[in-house]
Amino acid sequence: MHQQTVPILSEDVFTILGDKQSIEILESASAGMRSSSNGIRNQSKKQYYVRLKRLVEMGLVEKRKATYNLTAFGLLVYENHFKTMKKVIPNYWQIKSIDVLRTRNDFPLEQKEKIIKEYLATSSLNGILNTTHLTSFTVAKKFDDLIVEVLKVLDNAEKEIYFATRYHDPHVSTKVFEKFGKGVTIHILDGNPEQISVENRLAAIFRTPPNKETAELIKKIVKSPRFDLKRLPDLPQSFMVVDGIQVVYDTVNFINPEQFTIAISKYDDAYMAQQFIEYFKMLSKDAITPQLLVQKRAK
C-alpha cells in the first residue's frame, strides 16, 4: 500500500470520521494492528482492505514492520476528533443546557460566564471542554488578515458598532460609512496620528467632496446622534465590538506599541463584547470631541 502523495481535503477526513468501519480500523491501528490480521470483526475482507488502503493513502495509517499504526497525522485526527467526540456526545444535554443559559435574559452576563466556567470545571466535561471551545474565533497574524476580519465582522453589523482604532484603511472607512447609511449607530475612538485622523479626513471631504452623494452622507453623519466620534491620541489598543456579541481586538507589542503583532476575532462572545464596550466607555472619558463635530452641530 502506498503512502499519501496528493494533499487531502478536510472533507476527506470528515468522511472517514463518519464511516463506522474506518473508525474501527483507526481504533485497532491506535494500539498497533497486526499486518497479518484477517480483518476486523463484523467486516468482510473486502470492506476491511478497501478502507485500510484508503486510510494508508490518506496518510492516517502506515505499516511499520509487522503492524499498522497511526501516523502523527492519524493520531491527531483520532485523539482530537474521534476520541474527543466520543467523550462529548454522551454529555449532549449538559452542553445543551449552556445554550439555554446563554439565552436567558434574567441573568447578568458576568453571572452567566461564572456559572458556565464553574460547571465545566466540576462536571465530567472537565479537561475536555473550556469556555474557549464554546466560542468561534480566528487569529490574524498579518495586518492584511486583520483588515479582512474587520471587514467581515463589520459586514454583520445591524445595530451598533464600537470602534477604537490606531489604524487607517480606506476600505474599512467605506464600510463604516456604508453601515451608518443603513441605520447602524457608530461610536469611534480615533487614535490615528493627527495628519490622518478621522476628523481631518472628514474635513478633507467637506473641502473637496468626491461626489454629491458622499458630500450629503458626510453632512448627515457629522450632525447625527447616531455618530459619536472622539479623539484619543494615546489610544493603547485597537478593538471593535459589533452588535454586542462580535469582537475584534489586537494584542499590544510592549516593545514597539505602534507595531502590529497579532489580532483575535471572536464571533459569538457576548461577555467579552461587554467587557470591551465598558473599556471603550472608560477610555472615552479622557477623549475629546473634534472641533469639526462641535462646529457642525452648533449650526
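Residues numbered from 1 in each chain as written. Predicted model: local features only at pLDDT ≥ 70, side-chain atom pairs only at ≥ 80, totals over all residues. Heavy atoms only, no water.

Colleague: Would you mind going over the pairing of strand β2 (residues 61-64) with me for this structure?
Modeller: As a general feature of sheets, a regular strand has side chains that alternate between the two faces. Pairing of β2 with strand β3 (residues 67-70), which is carried by four bridges, proceeds in the antiparallel orientation. Bridged to K63 within β3 is Y68. (Pairing = 2+ DSSP bridges. Helix = DSSP H or I, 4+ residues; strand = E, 2+ residues; numbered from the N terminus.)

Colleague: So what exactly am I meant to see when it comes to the sheet that holds strand β7 (residues 227-231) here?
Modeller: Sheets are built from strands that pair by backbone hydrogen bonding, the pairs being arranged parallel or antiparallel. Read across the open sheet, the seven strands follow the order β4-β10-β9-β8-β5-β6-β7; overall the sheet is mixed. Unpaired on one side and paired on the other, β4 (137-140) and β7 mark the two borders of the sheet. Strand-to-strand twist in this sheet, taken as the mean axis angle between neighbours without regard to direction, amounts to 5°. Packed onto the sheet, helix α9 (residues 198-207) meets β6 (185-190) and β7 and runs at close to 120° relative to β7. (Axes fitted to C-alpha atoms, helices over the stretch in contact; angles between N-to-C directions. Contact = heavy atoms within 4.5 Å.)

Colleague: I'm lost on the nonpolar core in this one. Help?
Modeller: General note: in soluble globular proteins, nonpolar side chains tend to be found buried as a group. Of all hydrophobic cores here, the largest spans 33 residues; its most connected members are I161, L202, F227 and M240. Contacts of L202, omitting those with residues within four sequence positions, involve F177, I218, V222, F227, L229 and L292. Grouped together as the second largest cluster of nonpolar side chains are 20 residues, V13, M33, V56 and F82 included. (Core = buried A, V, L, I, M, F, W, Y, C linked by side-chain atoms within 4.5 Å. Buried < 20%, exposed > 50% of the residue type's maximum accessible area, 1.4 Å probe, protein only.)

Colleague: Got a minute to help me understand the sheet that holds strand β1 (residues 33-34) in this structure?
Modeller: Spatially, β1-β3-β2 is the arrangement adopted by the three strands of the open sheet, whose pairing is antiparallel. Edge positions in the sheet fall to β1 and β2, since each of these pairs with one other strand and no more. Strand contacts of helix α2 (residues 20-30): β1, β2 and β3, with the helix running at about 100° to β3, the strand carrying the most contacts.

Colleague: Explanation requested: the pattern of salt bridges in the structure shown.
Modeller: In the structure shown here, the tally under the stated rule is 15 salt bridges. The residue D12 makes a salt bridge to R54 at a minimum N-O spacing of 3.7 Å. Of this pair, D12 sits in helix α1 (residues 10-17) while R54 sits in helix α3 (residues 45-57), placing them 42 residues apart in sequence. In this structure, the salt-bridge partner of K182 is E178, at a minimum N-O distance of 3.5 Å. For K182, a relative accessible area of 59% gives the class exposed. Salt bridges linked by common partners bring D155, K175, E178 and K182 together as one network. (Salt bridge = Lys/Arg side-chain N within 4 Å of Asp/Glu carboxyl O.)

Colleague: When you look at the side chain of S238 in this model, what are you seeing that I'm missing?
Modeller: Along the polypeptide, S238 turns up in the loop between β7 and β8 (239-242). Judged by relative accessible area, which is 8%, S238 ranks as buried. A polar atom in the side chain of S238 sits 2.8 Å from the backbone nitrogen of R166. If we ignore the near neighbours within four places in the chain, the residues touching S238 are A164, T165, R166, Y167, V248, Y249 and D250. (Polar contact = N/O pair within 3.5 Å; in protein donor to acceptor, adjacent residues only side chain to side chain.)

Colleague: Looking at this structure, how should I read unusual backbone geometry?
Modeller: Trans is the common state for peptide bonds, and a negative phi is the common state for residues other than glycine. One non-glycine residue with positive phi stands out, namely K65, at about 55°. Along the chain, the position of K65 falls in the loop between β2 and β3. For K65, a relative accessible area of 82% gives the class exposed. The phi torsion at D243 lies on the positive side, around 55°, for a residue other than glycine. Within the fold, D243 resides in the loop between β8 and β9 (246-250). Look at D243 and you get partly exposed, because its relative accessible area is 28%.

Colleague: Looking at this structure, how should I read helix α8 (residues 170-181)?
Modeller: For an α-helix, 3.6 residues make a turn, and residues three or four places apart therefore share a direction. With 12 residues, α8 ought to run about 16 Å at 1.5 Å a step, and its terminal C-alpha atoms sit 17 Å apart, in line with that. Looking at α8, one finds that the buried residues are V172, S173, K175, V176, F177, K179 and F180. The N-cap residue of α8 is D169: its side-chain oxygen and the backbone nitrogen of H171 are 3.0 Å apart. Trailing α8 by a residue or two, G183 shows a phi angle of about 95°, which is positive. (Expected span 1.5 Å × (residues − 1).)

Colleague: Sorry, what's going on with the pairing of β3 here?
Modeller: Alignment of β1 against β3, held across two bridges, turns out to be antiparallel. Bridging across to β3, R34 finds its partner in T67. Where β2 folds back on β3, the antiparallel hairpin that results is connected by two residues, among which K65 adopts a positive phi of roughly 55°.

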